[in-house]
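Working through the structure, step by step
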Amino acid sequence: MTRRSFAAAAALLITAAIPALAQMPGANVAKVSTTAKPAAVKHGGKGVLAITVNVAPGFHINANKPNDPDLIPTVFTAENTPGVKFGAPKYPATKSITVSYEKKPMLVYQGKAVILVPYTIAPTAKPGKVVLKGTLGFQGCNDSSCFPPDSAPVTASVTVK
C-alpha cells in the first residue's frame, strides 16, 4: 500500500466515524440552563446562580461526590468575574441506584437537578450588566455504560444597581 492510498484510507475511516460519534448517547444525556436570581442586585448585595440540569430519561449523571473515586463527579467551576465573588455550590440531594457495571450502588442525579451557587456583588462593582460565567462538568451514563466526560457552559446576566 502506498503512502497516498494509506492516507486516503485513514481519511475515509475518520470521516465515516464522525457521524457515529455525533450520535453517541452521551452527547444528549443532559441539557443545562442557568438563571441569576434576583435579576438585579445592589452593590454589596447577594444573589444565587441557579444551574438547572435536565437529565434525559433512562440516563443519569454522577453526583458531585460519587461513591467511587474513579467516577467523574458533577462539578461547577466559576470563571473569574470582576466585582463578583462566588460561594461554594450547593448540590442537590442524590439518588442511589444499582447498575450492572458497578458492584455497589451509585450516587447520581436523574431527571431535574438544580445546583445553587451563591454570589456577592462587591461594593465597588461597576453598575450595569454583569455576565456570570462558568462551566459544568459531568459524566453521563445509562444502565449499561458510562460515556466520555462532558461539559456545558454556564452563563447568566445580572444587573448591578
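Below is a short write-up of the structure. From a predicted model like this one, the values you see are computed outputs, not experimental measurements. (Residues numbered from 1 in each chain as written. Predicted model: local features only at pLDDT ≥ 70, side-chain atom pairs only at ≥ 80, totals over all residues. Heavy atoms only, no water.)

1. Overview of the overall build of the protein chain
- Looking only at helices and strands, the protein chain has one helix and 12 strands in total.
- Along the protein chain, from the amino end to the carboxyl end, the secondary structure elements read α-β-β-β-β-β-β-β-β-β-β-β-β.
- A buried classification covers 34% of the 161 residues belonging to the protein chain.
- Looking at the protein chain alone, contacts between residues at least 24 apart form 72% of all its contacts between residues at least 6 apart.
- Approximately 9,500 Å² of the protein chain is accessible, and the part contributed by carbon and sulfur atoms is 61%. (Helix = DSSP H or I, 4+ residues; strand = E, 2+ residues; numbered from the N terminus. Buried < 20%, exposed > 50% of the residue type's maximum accessible area, 1.4 Å probe, protein only. Contact = heavy atoms within 4.5 Å. Areas by Shrake-Rupley, 256 points an atom, 1.4 Å probe, with all protein chains shown as cover.)

2. A look at the sheet that holds strand 4 (residues 60–62)
- Ordered in space as 7-8-4-11, the four strands form an open sheet in which the pairing is antiparallel. Each of the sheet's edge strands pairs with one partner strand only, and the pair in question is strand 7 (95–97) and strand 11 (140–141). (Pairing = 2+ DSSP bridges.)

3. A closer look at the nonpolar core
- One finds Leu49, Ile51, Val53, Tyr119, Leu132 and Leu136 to be the most contacted residues of the largest nonpolar core, which totals 31 residues.
- Counting only elements with at least two residues in this core, the list comes to strand 1 (30–37), strand 3 (46–55), strand 6 (84–86), strand 9 (112–121), strand 10 (128–138) and strand 12 (150–160).
- With sequence-adjacent residues up to four places away left out, Leu49 is seen in contact with Thr34, Thr35, Phe76, Phe86, Ile115, Leu116, Val117, Tyr119, Leu132, Val154 and Ala156.
- Counting residues in hydrophobic clusters, the runner-up holds five residues, among them Leu71, Ile97, Val99 and Met106. (Core = buried A, V, L, I, M, F, W, Y, C linked by side-chain atoms within 4.5 Å.)

4. A look at the packing of aromatic side chains
- Summed over the entire model, instances satisfying the criterion amount to three aromatic pairs.
- Relative to Phe147, the ring of Phe59 has its centre 6.1 Å away and its plane inclined at 55°; by these criteria the two rings are tilted. Taken as a pair, Phe59 in the loop between strand 3 and strand 4 and Phe147 in the loop between strand 11 and strand 12 lie far apart in primary sequence, 88 residues in all. Summarising the burial analysis for this pair, Phe59 and Phe147 share the class buried.
- Between Phe76 and Phe86, the aromatic rings sit 6.3 Å apart at their centres with planes inclined by 65°, giving edge-to-face as the arrangement. You can see Phe76 sitting in strand 5 (residues 75–78) and its partner Phe86 sitting in strand 6, a full 10 residues away along the chain. When sorted by exposure, Phe76 lands in the same class as Phe86, which is buried. (Phe/Tyr/Trp six-rings, centres within 6.5 Å; stacked < 30°, edge-to-face > 60°.)

5. As for the pairing of strand 10
- Relative to strand 10, strand 5 runs antiparallel, the two sharing four bridges. Bridging across to strand 10, Ala78 finds its partner in Gly134.
- Sheet topology note: the strand 10/strand 12 ladder contains 11 bridges and is antiparallel. Its bridge partner being in strand 12, Gly128 is matched across the sheet by Val160.

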